[in-house]
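Here's the letter readout for the chains.
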Amino acid sequence: MTLQQTDTLQHHETPASAPKPQAVSSAAQPTPAQVVSWLPKDATPAQQDSAIQAHIKPEPINWSTQPDTLHLPGHPKPKTQADIVFQRLGSNTFIESLPYYRPGVKGGQPGVAGDPIPYNIANDNIITSILFLCFVAAIIGFSRSSRFIVRQAKSIFRQPSENTTEITETAEELRFQFFFVLQTCLLGALIAFLSMRTELADSFTTDQHLAIAVFFTIILVYFLIKAAAYQLTGWVFFDKKQTRQWMKFMLFSISTEGVMLYPLVMLDAYFNLSINTTLTCVAIIVVLFKILAFYKAFLIFFSQKSIYLQFFLYFCALEIVPLIAVLACLVISGSYFS
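Caption draft 1: Quick peek at the overall build of the protein chain. Helix and strand content of the protein chain: 10 helices and zero strands. Starting at the N terminus and ending at the C terminus, the protein chain contains elements arranged as α-α-α-α-α-α-α-α-α-α. When burial is assessed residue by residue, the protein chain has 31% of its 338 residues classed as buried. Restricting the contact set of the protein chain to residue pairs at least 6 apart, pairs at least 24 apart contribute 67%.

In structure tokens form, the structure reads like this:
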């Protein structure tokens, strides 16, 4: 019996509409475009993907065993792969010394420097803090010494009597008055600094805090010398009670003068008030207090003696001349800062 052998392979005819596969070299795999061209035009993306996976197989990757010939300039060429230490190359590079290597660390100021921003008291945290503390201390002082302030203001135009019992100030009232004297010195120093800086805008190169400290010292020394001169004159020519009355008036007038200068400094520093307007207002305040001092000195020392010539000499020697001297010292000191 003869066994008939049959072919178990089933041959499917290719549709007439589908393009015939192109000849592909056995040494190379077909490209995805070639595989897609074998399929009918109405093939879905899933069918295209399946055909590509069936005809294209990934080839194994053969990594190179040769050492890397790429290296950074300034570093030796590595001989083997073990010589390449990526951590060392990442931390020690030729740009490590440049300011751009670590942006978080300030590395200098490249380029051309621009014009510096002019100094302004409004941007000075130290002076602003001091002025704010002066304002707070002034409010506290007024709230605790309101009766004393009213009493001292009434006594300015009152004729002092020898039989009148004087009311002495408390320690707290004296402390506040001395604080206001220091505030007057500070405000006078700030006004002198603003004036000098406006006049010498292009040549004022000294540190602003040093200049303000120098002006403050000059004005404080002026008040101390004037107080010592009044004490010496009172000890020589007048009795102790008159000298004490005059010193109380001077302490109160200097404190009040500082309170009146405070708004001018604030307007000039924070609201761009003209320096000419500020100096005009300061001159008016100083002249007003000199007139009050002139009147009070006459009431205390010379109202009962009718010695007018000595009074004018006394007032000019202890009020006008020291004022001119302190103004000259401020101007001379400002010229050294340019």
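Caption draft 2: Expanded view of the packing of helix α4 (residues 125-144) against helix α8 (residues 240-270). Between α4 and α8, whose axes approach to 12 Å, the crossing angle comes to 150 degrees. One finds that α4 runs roughly antiparallel with respect to α8. Considering how the two elements wind past one another, α4 and α8 form a crossing that is left-handed. Along the contact surface, α4 presents Thr-128, Leu-131, Phe-132, Cys-134, Phe-135 and Phe-142, while α8 presents Val-259, Tyr-262, Val-265, Met-266 and Tyr-270. Tallied by class, residues from the contact of α4 with α8 come to 10 nonpolar, one polar and no charged.

Caption draft 3: Region of interest: the nonpolar core. Core analysis: the biggest nonpolar cluster contains 38 residues, and Ile-121, Leu-190, Phe-193 and Phe-215 have the highest contact counts within it. Secondary structure elements with two or more residues in this core: α4, α6 (171-199), α7 (208-237), α8, α9 (275-302) and α10 (308-336). At 11 residues, α6 tops the list of elements feeding residues into this core. Core analysis: the next-biggest nonpolar cluster, separate from the first, contains 17 residues, Met-250, Ala-293, Ala-297 and Ile-300 among them.

Caption draft 4: Fine view of the packing of aromatic side chains. Tallied over the full model, the rule gives six aromatic pairs. When the centroid spacing of 6.4 Å and the interplanar angle of 20 degrees are considered together, the rings of Phe-135 and Tyr-262 count as stacked. Of this pair, Phe-135 sits in helix α4 while Tyr-262 sits in helix α8; the two residues are 127 residues apart in sequence, bridging distant segments of the chain. Taking the centre distance of 5.0 Å and the plane angle of 45 degrees together, the rings of Tyr-222 and Phe-223 count as tilted. Linked through ring pairs, Phe-142, Phe-179 and Phe-180 together constitute an aromatic cluster.

Caption draft 5: Structural detail: the pattern of salt bridges. Summed over all chains, the structure comprises two salt bridges. Among the ionic pairs, Lys-226 bridges to Glu-319, the shortest N-O distance being 3.6 Å. Of the two residues, Lys-226 sits in helix α7 while Glu-319 sits in helix α10, which places them 93 residues apart along the sequence. Summarising the burial analysis for this pair, Lys-226 and Glu-319 share the class buried.

Caption draft 6: Representation of the confidence of the model for the protein chain. Confidence in the prediction of the protein chain, expressed as mean pLDDT, is 77, and 70% of residues score 70 or more. Mean pLDDT in the protein chain bottoms out at helix α3 (residues 86-91), which sits at 48, and peaks at helix α1 (residues 32-38), which reaches 90. Low pLDDT (under 50) marks residues 1-26, which in the prediction has 11 contacts with non-local residues, meaning those over four places away or in another chain. Counting contacts from residues 86-90, a segment whose pLDDT is below 50, to residues more than four positions away or on other chains yields six contacts.

Caption draft 7: Representation of a nonpolar patch on the surface within the structure. Side chains of Phe-132, Leu-133, Phe-135, Val-136, Ile-139 and Ile-140 sit close together on the surface and give an oily, nonpolar patch of about 560 Å² of accessible area. Mapped onto the elements of the fold, Val-136 is located in helix α4. Val-136 gets classed as partly exposed once you look at its relative accessible area, which sits at 31%.

Caption draft 8: Broad picture of the environment of Pro-263. Looking at the secondary structure, you find Pro-263 in helix α8. For the pair Pro-263 and Leu-187, spaced 76 residues apart in sequence, the C-alpha separation works out to 9.9 Å.

Caption draft 9: Representation of the packing of α6 against α9. Interaxial distance between α6 and α9 falls to 10 Å at its minimum, and their mutual angle equals 140 degrees. Accordingly, the angle class assigned to the pair α6 and α9 is oblique. Here α6 runs over α9; the crossing is left-handed. Contact residues: Ile-191, Leu-194, Ser-195 and Thr-198 in α6; Ile-275, Leu-279 and Val-282 in α9.

Caption draft 10: Quick look at the side chain of Thr-184. Within the fold, Thr-184 resides in helix α6. With relative accessibility at 4%, the residue Thr-184 sits in the buried group. A distance of 2.8 Å separates a polar atom in the side chain of Thr-184 from the backbone oxygen of Ile-254. Of the polar contacts made by the side chain of Thr-184, one reaches the backbone nitrogen of Gly-258; its length is 3.2 Å.

Caption draft 11: Seen up close, the side chain of Ser-195. Its place among the elements puts Ser-195 in helix α6. Here Ser-195 falls in the buried class, since its relative accessible area comes to 18%. Leave out the neighbours within four places in its chain, and Ser-195 touches Ile-275 and Leu-279.

What counts and what doesn't
Residue numbers here run from 1 along each chain, matching the order of that chain's written sequence. For this predicted model, a pLDDT threshold of at least 70 governs which residues receive local features, and a threshold of 80 or more governs which side-chain atom pairs are given and counted, while totals over whole chains, interfaces and linings are taken from all residues. Hydrogens are left out, water is left out, and the side-chain values use all remaining heavy atoms of the structure. Secondary structure elements are defined from DSSP: runs of H or I of at least 4 residues count as helices, runs of E of at least 2 residues count as strands, and each element is numbered from the N terminus. Relative accessibility decides the category of a residue: with a 1.4 Å probe and only protein chains considered, values under 20% of the type maximum give buried, values over 50% give exposed, and everything between is partly exposed. Between two residues, a contact is recorded if the distance between any of their heavy atoms is within 4.5 Å. Only the stretch in contact is used when fitting a helix axis, every axis being a line fitted to C-alpha atoms; angles between N-to-C directions are given from 0 to 180 degrees. Roughly parallel refers to an angle under 35 degrees, roughly antiparallel to one over 145, roughly perpendicular to one between 65 and 115, and oblique to any angle outside these ranges. Less than a right angle of anticlockwise turn of the near helix away from the far helix marks a crossing as left-handed, whereas a clockwise turn marks it as right-handed. Three classes are used: nonpolar for Ala, Val, Leu, Ile, Met, Phe, Trp, Tyr, Cys and Pro, charged for Asp, Glu, Lys and Arg, and polar for all others, with Gly counted as polar. Nine residue types can take part in a nonpolar core, namely buried Ala, Val, Leu, Ile, Met, Phe, Trp, Tyr and Cys, and a core is a set of them joined through side-chain atoms within 4.5 Å. Only rings of Phe, Tyr and Trp enter the pairing, Trp through its six-membered ring, and a pair is recorded when the two centres are within 6.5 Å. The plane angle decides the type: under 30 degrees is stacked, over 60 is edge-to-face, the rest tilted. In the sections that follow, a salt bridge refers to a side-chain nitrogen of Lys or Arg positioned within 4 Å of a carboxyl oxygen of Asp or Glu. Note: pLDDT gives the predictor's confidence per residue, expressed from 0 to 100. Patch membership requires over 30% relative accessible area and the absence of a salt bridge. Like charges are linked within 9 Å, and nonpolar side chains (Val, Leu, Ile, Met, Phe, Trp, Tyr) within 5 Å. Here the open area of atoms and residues is found with the Shrake-Rupley method and a 1.4 Å probe, where only the protein chains shown may cover a residue. By the criterion applied in these results, polar contacts are pairs of N or O atoms within 3.5 Å in which, for protein atoms, one can donate a hydrogen and the other can accept it, and in which residues neighboring in sequence qualify only through two side-chain atoms.

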